[in-house]
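Observations on chain architecture
Listed here are the chains, written in short residue letters.
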Amino acid sequence: MFTGIIEEIGEITAIAPAGDGWRLTVRAPKAVSDAVHGESIAVSGVCLTVVGSTSDTFDTDVMKQTLDVAAIGGATVGTRVNIEKAMPVGARLGGHIVQGHVDGVGEVLEVRPGAQWSVLRISLPKDLAPLVVDKGSISVDGTSLTVSAVSEPSAQDAWFEVSLIPETLSATTLGSRSAGDRVNLETDILARHVERLLAFRAADSGADSAAAPEGGSR
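1. Topic: unusual backbone geometry
With a phi angle near 75°, K135 is a residue other than glycine that sits in the positive phi range. Here K135 lies in the loop between β8 (118-123) and β9 (137-140). Backbone geometry places D141, a non-glycine residue, at a positive phi of 50°. Mapped onto the elements, D141 comes out in the loop between β9 and β10 (143-150). Judged by its relative accessible area of 1%, D141 is buried.

2. Considering the packing of aromatic side chains
Summed over all chains, the structure comprises zero aromatic pairs. Sitting over the face of the ring of W159, R121 holds its NZ or CZ atom 3.6 Å from the ring centroid.

3. Points about the sheet that holds strand β11 (residues 159-164)
A barrel is described by the order of its strands in space; here six strands give the closed sequence β7-β8-β11-β10-β9-β12, paired in antiparallel fashion. Ignoring which end each strand starts from, the neighbouring axes of this sheet average 45° apart. Where β9 and strand β12 (residues 182-187) come together, three bridges link them in antiparallel fashion. Paired with I138 across the strands is T187, a residue of β12.

The rules behind the values
Starting afresh in each chain, residues are numbered from 1 along the sequence in its written order. Owing to the predicted nature of the model, reporting of local features is limited to residues with pLDDT of at least 70; listing and counting of side-chain atom pairs is limited to 80 or more, with chain, interface and lining totals taken over all residues. The basis for every side-chain value is the complete set of non-hydrogen atoms in the structure, without hydrogens or water. Elements are defined by DSSP. Helices are runs of H or I of four residues or more, strands are runs of E of two residues or more, and each kind is numbered from the N terminus. Accessibility here uses a 1.4 Å probe with only protein chains present; expressed as a share of the type maximum, an area under 20% marks a residue as buried, one over 50% as exposed, and anything in between as partly exposed. A pair of aromatic rings is counted whenever rings of Phe, Tyr or Trp (Trp by its six-membered ring) have centres within 6.5 Å, and the orientation is called stacked for planes under 30 degrees apart, edge-to-face for over 60 and tilted otherwise. Geometrically, a charge over a ring is one whose NZ (Lys) or CZ (Arg) sits within 6 Å of the ring centre while staying within 35 degrees of the ring normal. At least two bridges found by DSSP between two strands is the condition for calling them paired. Every angle, taken between N-to-C directions, lies between 0 and 180 degrees, and every axis is a line fitted to C-alpha atoms, over only the stretch in contact when it is a helix.

Here you go:
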């Protein structure tokens, strides 16, 4: 489990085929300073397992499913990535609960720079739109952010905006994002649980209605 507070910006230094997936080598000196085999590290929001390491790099396997659903599938050697190690038990939750399970990919639609911050507008897959609310939390490339604006439910193309402070711009890869870039999105786990609960209740209600005698009640 992660918090979305990025610890360093890493760089992919090698990509090798591994079955139908990849083996990545990522340069991240801070993360590997005390990394151990088998531990989890979030790479731009994707939870990956350390399978080997040197003094400044670690190796990790990425399965085909992850490459298909996450923006990391478009990475190349030299791609810069956000790095966060798993949260230790008892640590402060500085961001929000981030699992490292990417829900989908968004596209940066617009970057509006300000005097001290930038606003990013990012497209939102329709199935994720109900889970994103104004002032709620969302993970973008593994970074815990607060939604500052969101499209109306009636909008044909869903989007949301985040406002990035100078620290976020300098400490994460989001500071170098431009229109057209693809980013990993993870919605709030609490919203996903509520959506699932409501789906079951709706299904139960439909089953009760179907079982009721015609012209009367049960």
